[in-house]
Amino acid sequence: MGMRRWLDLAIGLVAILAPAGLLLADTVASAIPPYHHIKIAPGLVGAALPIDPAPSIARVLDGKFQGEYARLIGTLTPLYPLAVRAKNQVLWSVFGMPGVPGIVVGRGRSLLEREYVDEYCSRNRAAFRPLAMAWAPKLRQMQDAYEQHGKTFLYVITPSKVAQNPGLVPPNIPCAAASADRDGILPLWLQILAAAGVHTVDTVTMLRAAQVKYPFQMYPRGGTHWNSVGAALATREIAAALSRLRGDGVLPAPDIVWAMKPHPVWPDIDLDQLLNLMAMPRSDPVPYVSLSAKAPFGGCRALRIGIVGGSFMNRPAEDLALGPCAPQIEEWQYWSAYDINWPPGVDAKTGVDPAERDARVLDADVMIYEENEQLMARSRHGPDFYSFLKQQWGLPDAITLAAVKNDP
Amino acid sequence: MLFYEPLFLLVFLPVVFAAFLLLHRYSGGRLWVLLPASVFFYLWSEPLFVPVVLASCALDYVLGRRLQRRGLLALGIAANVAMLVVYKYTGFLTDNLDVILGALGMAPIHAGRIALPIGVSFIVFEKITYLVDIHRGRSNPAPNFRTYLLYVFLFPKLLAGPIIKYHELEAQLLTPGHTRLADMATGFRRFMLGAVKKTLLADPLATGADAVFAVPAAALSSGAAWWGVGLFTLQIYLDFSAYSDMAIGLARMFGFRLRENFNRPYISCSITEFWRRWHISLSTWIRDYLYIPLGGNRVAPWRIYLNLWVCFLASGLWHGAAWTYVGWGAYNGLFLVLDRLFLLRWLDRMPRVLANGVTLLVIMAGWAIFRAGSLEQAWTLLTAMVHPGQMGLLVWPTPDVVAAATVAAILSLLPRGPGFDRFAHGVIAWPAGLFAIRLALSLLFVVAVLKALADPFKPFLYFRF
C-alpha cells in the first residue's frame, strides 16, 4: 500500500479515534481528584447543568434514559466548549447571527434579549388593564402590611433596553403592536398605581428624560442592563423616595461622577459573554461611576434593606451598600433564584434558603419590590412574594379600585 | 442513536470499528462483531420492538426453509405486513374508521396509540425480499439464523435504508472475504460527506423550512410559500441523501457494498426519470415486489396505468400514516401515468433545461403536499404558490439558511450544466485536484462534527418511516 493510502488511513483513524480518546482521558481525569474536566476552550457561560440520567428499567424501556445519556455524552467531551464557541463564532462572524437562542442582534449589532423584544412588540393596553387592576391592590396590601409593622415598602419599575431604544429592533422581527399600546402601557400602569396609592419609583420615565443630558447611551451594546450611570440615577431616585417615606435622611441621595472606560466589563457585556464566542465582539467605551454622599445630619443608623426583584436591582443595591451609612442589603432575585448580600455582591451569590429568606424578608426595615417594565403586573416572583406575606402576616383587606377611566 | 450524534461518533463507532479491525480477518469475526453491535444499536433506540423483530425473523427463517409448501410465502408476507400495519397504521385506520362510525351515529373505537418504532418500514420491506427472493429461486435460504439476523439488523442501513434486497447482500454475507484498508478509507470518506451534508446544509434548511411551515398557510404570501417549499425540496434531498451517504460509507468500512440510493434526482427531465434517480432502493422494491407481481408491463394498458398508480399510492402510504402521504403518492402516480400517456413525449421534445425546470416544478408541488400538516394546508399552500400577487406574511430568511439554500441548490442542479461530468472527472483524475477535494472534505467534516456536538438534537426526516 502506497504512502498516500497509509496517510489516508492514518487520518481516518485519528479522526475516528481521537475524539473518543479525549473523552476517555477526560473521564479518567475527572475521576481522580483534584483534577477537573480537561478544557480545551474556556467554559461556557450560561450553560445549563447537564442532567444526570437516572437509569431504571422503566426509563430504559421508554427510551428516556437513552435520550438523556445521548445529550449528556456530548457535553462531557473536552471538545464541547470548543465546539460550541467555534460554531457560534462562525455564525457571528460569517452570518452576523447569534448561535444562542434567546438573543437577537439589533441594529448596530446591539444585542437584545428576545423576550424583551417579544414583550415590547406585543404590548396591548386592553389586555394589560385587567392584570394591572388586579395586581395594584395586592401591591397596596403588601405595602400596608409592611407599614403596619413599622417598616417601609417601595415599588420600583425598571426600564427595558428595547422599550427605551425601539429603533434597535431589527427589521426582520415584526413589531405589530400599535405605538399607542407600546408607549401607553406604562402611563396606564402608573395611573393605576397612583389610584391604588402604591409608593412607586418610575425609573423608566426618569431614564428616558436623563438620556438627553448624556453623551452616551444608557444601555451598552453588549449588555441587557442599564449602565452604571443609569443605575446610579435610579439609586438616587430610590434613596430620595425612601428618605421621603421614612422622614429621615439615613439614605442620602449620592452625587454622581462618571468617566468613560475603553473596555467594558461585566455586567455591561453580559449578552456578549452569553454569545459564547471565541473572541469577544468589540464594544464602544462605556461610562463607569463613582458615587459620593455625605453622612446624614444626626449620624447613621443601622438599616436592613430587603430587595425582591430581578437583576436590574444589582447595581442600585451595590450603590446603596456603598453609601455613607452602609446599610445591610440582601437581595432575593426572583424570590427563589438567588440570594445576594451586598456586600460582597453578586460574585458571592448563593441559592435561596427558604427558611432564612422567610425570616429576613419579614425582618427588613425597608422592602424594595422591583419589576422590570417587561414584566410589570405579570411577574412570577410577585405572586410568590404576595402569597408568602399573606400567609405570614395575614394581609389587610384589598382596596377596591375605581375604574381608571382616562387612558393617558 | 443517529450517525452524527456524539454517542455514535465518539463511543459506538470507535469501539465497534476497533473490534472489527482486530477480528475481521478471523473466520466469522465480522459477523461476531457486527451482529451484537447491530442488535445493541437497535436495542438502544427501540428496546421494546427488538424482541418483536427477533421473533418475526425467527418466523421468516423457519418459513424460508419451507417455502416450497403452498401458502407459506403468503403467510410470511402477511405476517410482516401485519407487523407494519399494527405498529404504523393502527392509529390512522382507527381514526378514519371513527369518522365513518361517527357519521353513522355509532360509538368510536378509541384505540390506543402505539409508538412507531424507528425504521420499521425499512425492516419489513427487507424481510419481505428475503422470502420472495427464496421463493423466486433468486436466493437460497440463509445458512444459519445468525446470518439472516445480520442481514436484517446490519446497523448502517437499519434505521433509514437503503432498502437492501436479500439477493443483493447474500454473496457478501456468505463469503465476506477480507475488508481492504482502501474500502475502509473510501467508506469513511463517504461517511464524512454525509455528515457534512446533514449538519452543514440539511439542518439549516430544516430550520428555515420549519419556520415557514409553522405559519398558517393562509397567512403566507406567495413568495413565502415558494420559499418554504423550495427550502423543503432542498432539505429532504440533502437530509435523506446524507443519511444514505453515511449508511453506504459505514457499510463499506465494514466490508459491505450497498447500492446507491440517489443519483442527482433534481436534474431529472420527467417524473419517470425522477423515480429512477430518487430513493432508488424503494422504487426498485416497488417495481420488483409490487408492480411486477401485479402484472408489470405485460397487461393491458389500462391495467398498467392502474398498477402504476396503485403502486405509488402504496409508496405514499409507506412513507407515513396520513392522508398527505397518500395524496403525495397518488400525485406522483398520476404523473407517471401522464408520462406514459403523453407527457414524456412532450417533455422529450423540449430543451433539457426547460424539461428539467418543468419537472422540478412538478416535484416541488409534490413536496408541498408531502410536507404539509394536512391536505387543507397543502391546498392552501399550493393556491398561494400559483397566485404570485398574494400578499401575506413574509418569513424573513436568516443568512445561514440563505447560504445553505444557495449551496444546496448549486449541488443539486450543477450536474445539469453542460460538460459537468467531464469537468468533475477531470478534477478527480488530477492528483492535486483529488487531494484538494479530500482535504476540503476532511476540514468540513471536522466542522460538521463540532457543529453536531454543539447543536441541539435534530433527527433525520426519514427515520420515522
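This write-up is about the structure you can find in this document. If you're wondering where the values come from, they're calculated on a predicted model, not measured in any experiment.

Comments concerning the pairing of strand β9 (residues 338-342) of chain A
Residue and element names in this part refer to chain A.
- In this structure, strand β8 (residues 328-333) lies alongside β9, joined through five bridges in antiparallel fashion. Looking at the pairing, Glu 330 lines up with Asn 341 of β9.
- Counting the residues in the hairpin turn of β8 and β9 gives four residues, including Tyr 334, whose phi is positive at 50 degrees.

Focus: helix α16 (residues 399-413) of chain B
- The end-to-end C-alpha distance of α16 of chain B, which contains 15 residues, comes to 21 Å, matching closely the 21 Å that a straight helix rising 1.5 Å per residue would cover.
- Asp 400, Val 401, Ala 404, Ala 405, Ala 408 and Ser 412 of chain B are the residues of α16 of chain B that are buried. The buried residues of α16 of chain B occupy an angular sector of 130 degrees when the element is viewed end-on, so they sit on one face.
- Buried-residue contacts for α16 of chain B involve α4 (79-95) of chain A together with α8 (181-213) and α9 (222-253) of chain B.

Comments concerning the nonpolar core
- With 160 residues, the main nonpolar core has Phe 3, Phe 8, Phe 155, Trp 278 and Trp 367 of chain B as its most contacted residues.
- In contact with Trp 367 of chain B, not counting residues within four places along its chain, are Phe 232, Thr 233, Ile 236, Tyr 266, Phe 274, Trp 278 and Trp 328 of chain B.
- Of all hydrophobic cores here, the second largest spans 37 residues; its members include Ala 136, Leu 193, Leu 362 and Phe 385 of chain A.

Some thoughts on empty space enclosed by the protein
Residues and elements named next belong to chain B.
- Tallied over the full model, the rule gives one cavity of 30 Å³ or more.
- As a volume, the largest cavity reaches approximately 40 Å³.
- Taken together, Phe 274, Trp 328, Tyr 331, Asn 332, Val 362, Ile 363, Gly 366 and Trp 367 make up the full set of residues lining the largest cavity.
- Secondary structure elements with two or more residues in the lining of the largest cavity: α13 (323-348) and α14 (352-371).
- Top contributing element to the lining of the largest cavity by residue count: α14, with four residues.
- A class-by-class count of the residues in the lining of the largest cavity yields six nonpolar, two polar and no charged.

Some points on the sheet that holds strand β4 (residues 200-202) of chain A
Residues and elements named next belong to chain A.
- Read across the open sheet, the six strands follow the order β4-β3-β10-β7-β8-β9; overall the sheet is mixed. Every other strand in the sheet has two partners, leaving β4 and β9 as the edge strands with one partner each. Within the sheet, the average angular offset between the axes of one strand and its neighbour, ignoring direction, is 20 degrees.
- Here strand β7 (residues 304-309) pairs with strand β10 (residues 366-372) via four bridges, running parallel. Following the sheet pairing, Gly 306 is matched in β10 by Met 367.
- Those strands touched by helix α10 (residues 228-246) are β3 (152-158), β4 and β10, and its axis lies near 155 degrees from that of β3.
- Where helix α13 (residues 354-363) meets the sheet, it contacts β7, β8, β9 and β10, and its direction lies at approximately 125 degrees from that of β8.

Here is what the cut-offs are and how they apply
- Residues numbered from 1 in each chain as written.
- Chains lettered and ligands numbered in written order.
- Predicted model: local features only at pLDDT ≥ 70, side-chain atom pairs only at ≥ 80, totals over all residues.
- Heavy atoms only, no water.
- Pairing = 2+ DSSP bridges.
- Helix = DSSP H or I, 4+ residues; strand = E, 2+ residues; numbered from the N terminus.
- Expected span 1.5 Å × (residues − 1).
- Buried < 20%, exposed > 50% of the residue type's maximum accessible area, 1.4 Å probe, protein only.
- Arc of directions from axis to C-beta.
- Contact = heavy atoms within 4.5 Å.
- Core = buried A, V, L, I, M, F, W, Y, C linked by side-chain atoms within 4.5 Å.
- 1 Å grid on protein atoms, 1.4 Å probe; cavity = no way out; pocket = protein on both sides within 12 Å on 5 of 7 lines; lining within 4 Å.
- Points joined across faces, edges and corners; volume = space filled by probe spheres on them.
- Nonpolar A, V, L, I, M, F, W, Y, C, P; charged D, E, K, R; others polar.
- Axes fitted to C-alpha atoms, helices over the stretch in contact; angles between N-to-C directions.

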